[in-house]
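So you can see what is in the structure, the chains are spelled out below.
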Amino acid sequence: MSNNHTSHVITPTLTYLMVFGGLIVLTGLTYVAAINDFGALNTPIALGIAVLKASLVVIYFMGVRYNTPLTKVVVVAGFFWLLIMFGLTMGDYVSRAWLGVPGR
């Protein structure tokens, strides 16, 4: 009988508590950004905070940090695909005004 045990990284509870605290702080920052008017910077600020929160969740709570390289490639490919979809959607949204709409 073979004894093939793989070593697993056990993340300390303090790390999870610190990430949780960071998420709480970023949620408060989201609220502050929502009640203040930054003009054209509203959307980039909100998206930046959202990306930070999503990154913390993916890296720590989903365990990507200590996982295999293939898992990391799949996560990066998923985000790359999301960027492609956003790009196609924004391309459609921006170019709608280029077409003449009868009756307008």
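Everything below is about the structure shown above.
This write-up is about the structure you can find in this document.

What counts and how
Residues numbered from 1 in each chain as written. Predicted model: local features only at pLDDT ≥ 70, side-chain atom pairs only at ≥ 80, totals over all residues. Heavy atoms only, no water. Helix = DSSP H or I, 4+ residues; strand = E, 2+ residues; numbered from the N terminus. Contact = heavy atoms within 4.5 Å. Axes fitted to C-alpha atoms, helices over the stretch in contact; angles between N-to-C directions. Parallel < 35°, antiparallel > 145°, perpendicular 65-115°, else oblique. Left-handed = near helix turned anticlockwise from the far one by under 90°. Patch = residues over 30% accessible without salt bridge, like charges linked within 9 Å, V, L, I, M, F, W, Y side chains within 5 Å. Areas by Shrake-Rupley, 256 points an atom, 1.4 Å probe, with all protein chains shown as cover. Salt bridge = Lys/Arg side-chain N within 4 Å of Asp/Glu carboxyl O. Buried < 20%, exposed > 50% of the residue type's maximum accessible area, 1.4 Å probe, protein only. 1 Å grid on protein atoms, 1.4 Å probe; cavity = no way out; pocket = protein on both sides within 12 Å on 5 of 7 lines; lining within 4 Å. Points joined across faces, edges and corners; volume = space filled by probe spheres on them. Expected span 1.5 Å × (residues − 1). Phe/Tyr/Trp six-rings, centres within 6.5 Å; stacked < 30°, edge-to-face > 60°.

One can find Leu26 in helix H1 (residues 13-35). Spatially, the C-alpha atoms of Leu26 and Ile49 are 6.6 Å apart, while their sequence positions differ by 23 residues. Beyond its immediate stretch of four places on either side in the chain, Leu26 contacts Ile49, Leu52, Lys53 and Leu56.

In contact at an axis separation of 10 Å, H1 and helix H2 (residues 42-61) are set at 165° when each is read in the N-to-C sense. Put simply, H1 runs roughly antiparallel to H2. For the crossing formed where H1 meets H2, the hand is left-handed. From H1, Thr15, Tyr16, Val19, Phe20, Leu23, Leu26, Thr27, Leu29, Thr30 and Ala33 reach across to H2, where they touch Ile45, Ile49, Leu52, Lys53, Leu56, Val57, Tyr60 and Phe61.

The next subject is a nonpolar patch on the surface. A cluster of nonpolar side chains, contributed by Tyr16, Phe20, Ile24, Val57, Phe61 and Met62, occupies part of the molecular surface with about 580 Å² of accessible area. Taken together, the elements giving at least two residues each to the nonpolar patch come down to H1 and H2. No other element matches H1, which puts three residues into the nonpolar patch. Looking at the element boundaries, Tyr16 is found in helix H1. Taking relative accessible area as the criterion, Tyr16 reaches 33% and is therefore assigned partly exposed.

Turning to the layout of surface pockets, a few remarks are in order. Estimated volume of the largest pocket: approximately 410 Å³. Forming the walls of the largest pocket are 16 residues, and the residues nearest its centre are Val51, Phe79, Leu82, Leu83 and Phe86. Those elements giving two or more residues to the lining of the largest pocket turn out to be H2 and helix H3 (69-95). Considering each element in turn, the lining of the largest pocket owes the most residues, eight residues, to H2.

Turn by turn, an α-helix covers 3.6 residues, leaving residues three or four places apart pointing in a common direction. Under the 1.5 Å per step criterion, the end-to-end length of H2 is 28 Å for 20 residues, consistent within 8% with the ideal 28 Å. Of the residues flanking the end of H2, it is Gly63, one or two places downstream, whose phi is positive at about 75°.

Glancing now at the packing of aromatic side chains. Inspection of every chain in the model, using the stated rule, returns one aromatic pair. Summarising the aromatic geometry, the rings of Tyr16 and Phe61 are spaced 5.7 Å apart at their centres and angled 5° between planes, so their arrangement reads as stacked. Of this pair, Tyr16 sits in helix H1 while Phe61 is found in helix H2, placing the two residues 45 residues apart along the sequence.

Bear in mind that shape data such as this cannot, by itself, settle questions of function.
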